[in-house]
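Summary of the model geometry
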Amino acid sequence: MGIQEAGTKAGRHQRGVWTEIGRSGGNEVTTAGDVTDSTRSAPQRAQDAPSAARGGGAARASALPYLLLAVLCFALFFWRLGAVPLIGLDEGLYSETSREMLASGDYVVPTCNGEPFFDKPPLVYWLQAASMRVFEVNSFAVRLPSAVAELLLVVLTVFLGARLFGRRVGLMSGFALATCTLTVGLARMAILDAAFALCITCSLAAFLLACLKLAGRAAYVVFWAAMGLSALVKGPAGPVVITATVFVFLLLRRDLRSIGRAMPLVGALVALAIALPWYVLVAQRTGGAFLNEFIIHQNMQRALGQDFHHNMPFWAYLPIWLVGFFPWSVFLPAALGRAHRQAGDAELQKRTEGAFLFLTVWIAVILVIFSILKSKLPAYIYPIYPASALLV
């Protein structure tokens, strides 16, 4: 009886081990697998092999689209990035400013050809100078921050789409953003717009996820921190479009009380701690000349269309958007119509409804703000492209 009881207990133990292995998806411990596998017949082991192969194949198949997207981004953004010399006035000005920062070691007051250059804040200059320190002074090095910013923007769009609508939508949104006309162009130019769009998208995405309770309240800190970084890329334009988008969204939802949940006091301190020190330092070093040039000339006069050569009519951004987002712009009318209907459909889940409404407001607010300004360039509205990709 003792031998029989021991054998019965051993059999129960082996069955228990296999039961636990099955529950854990087949990830058995080596010693347990060796012992139990030896007690099973060859047909039983052969029968289990296709299931394991199918599981591994499914995992590889699910990762394949992301690998394809990564390869596509590398080809579009990074391949032969420095093969073409710098193009146009802006690439030359920004690259020379970054080179002089690196040469002089002065990272507070930007200069170009030895003269103060107050067109923009310094974040992109810092990134380009760091790239030149690693890869030497060449067109590849000064364009690399733009290419990396575009890659991060695609990753962020995929993540946001997956959180809002599922993995398939997130992946397709990433493909749409990566392959549209303006994205490819901006990734391969040493200018500010890719980094600016990344900051805007990061800020608005963090707010949306926190507002829809798809992320913790710590996401509001990211919202404010990215807003502060946007002020170091292009000045007040970033905080203006971010706060305007959030305000209009909450106003349409009749939920202005959510402003309090966004930790405005703590968040404002975070944003100021990121952006304000450089503004104070450069104002002290230049005796106010920077503020006069950058705030008055580069922002206020540019908005009014004074002293600039790229004024356009109010409606100009509509065709610019359609061309820049090509080929995916052909789907925009249907996508915006669907978003409008779903945002007002009471049968939809509140989260999906809020997401569609926020994306639509994101696009509309930025379009309206920059359309009102008389001075226009195609890349000014690039921050709406991630939202456009998520909608189509």
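Refer to the structure printed above.
Bear in mind the structure is a predicted one, so any value in this text is a computation, not a measurement.

Next up on the list: helix α15 (residues 317-324). If you check which residues of α15 are buried, you get Y317, I320, W321 and G324. The buried residues of α15 occupy an angular sector of 100° when the element is viewed end-on, so they sit on one face. With respect to the buried face of α15, the exposed residues turned more than 90 degrees away are L318 and V323.

On to the environment of A176. Here A176 lies in helix α7 (residues 167-179). C-alpha of A176 to C-alpha of Y385: the two residues are 209 residues apart in sequence and 9.4 Å apart in space. A176 has contacts with W328, A389 and V392, leaving out every residue within four places of it along the chain.

Moving on to the nonpolar core. One finds F207, W321, I381 and Y385 to be the most contacted residues of the largest nonpolar core, which totals 102 residues. Those residues within four positions of F207 in sequence are excluded, and the remaining contacts are Y220, F223, V246, F249, L250, A262 and F358. Of all hydrophobic cores here, the second largest spans six residues; its members include L102, A129, M132 and V142.

Bringing the packing of aromatic side chains into the picture now. Applying the stated criterion to the full structure yields 21 aromatic pairs. Consider the rings of F135 and F140, whose centres lie 5.4 Å apart with planes at 85°: the pair is edge-to-face. On the basis of relative accessibility, which here comes to 38%, the residue F135 falls in the partly exposed class. Summarising the aromatic geometry, the rings of F358 and W362 are spaced 6.1 Å apart at their centres and angled 75° between planes, so their arrangement reads as edge-to-face. Of this pair, F358 and W362 both sit in helix α17 (residues 350-372), four residues apart, which is roughly one turn of the helix. Exposure remark for F358: the relative accessible area of 0% places this residue in the buried category. Under the relative-accessibility criterion, W362 is labelled buried at 0%. Feature note: the residues F207, Y220, F223, W224, F249, F358 and W362 constitute an aromatic cluster, connected by ring pairs. Here R80 stacks its cationic end above the ring of W79, 5.8 Å away from the centre of that ring.

About the thresholds
The numbering scheme is per chain: residues are counted from 1 as the chain's sequence reads. Under the rules for a predicted model, residues below a pLDDT of 70 receive no local features and side-chain atom pairs below 80 are neither given nor counted, while totals for whole chains, interfaces and linings still include all residues. Hydrogens are left out, water is left out, and the side-chain values use all remaining heavy atoms of the structure. Burial here depends on accessible area, computed with a 1.4 Å probe over protein chains only, as a share of the maximum for the residue type. Under 20% is buried, over 50% is exposed, and the range in between is partly exposed. The numbering of helices and of strands both runs from the N terminus, where a helix is a DSSP run of H or I of at least 4 residues and a strand a run of E of at least 2. By construction, the arc corresponds to the directions joining the helix axis to the C-beta atoms. Contacts are assigned to residue pairs with any non-hydrogen atoms lying within 4.5 Å of each other. Grouping buried Ala, Val, Leu, Ile, Met, Phe, Trp, Tyr and Cys residues that are joined through side-chain atoms within 4.5 Å yields what is termed a nonpolar core. Stacked, edge-to-face and tilted are the three classes for Phe, Tyr and Trp ring pairs, Trp counted by its six-membered ring, which pair at centre distances within 6.5 Å; planes under 30 degrees apart are stacked, over 60 edge-to-face, the rest tilted. Counting as a charge over the ring demands two things of the Lys NZ or Arg CZ atom: a distance within 6 Å of the ring centre and an angle within 35 degrees of the ring normal.

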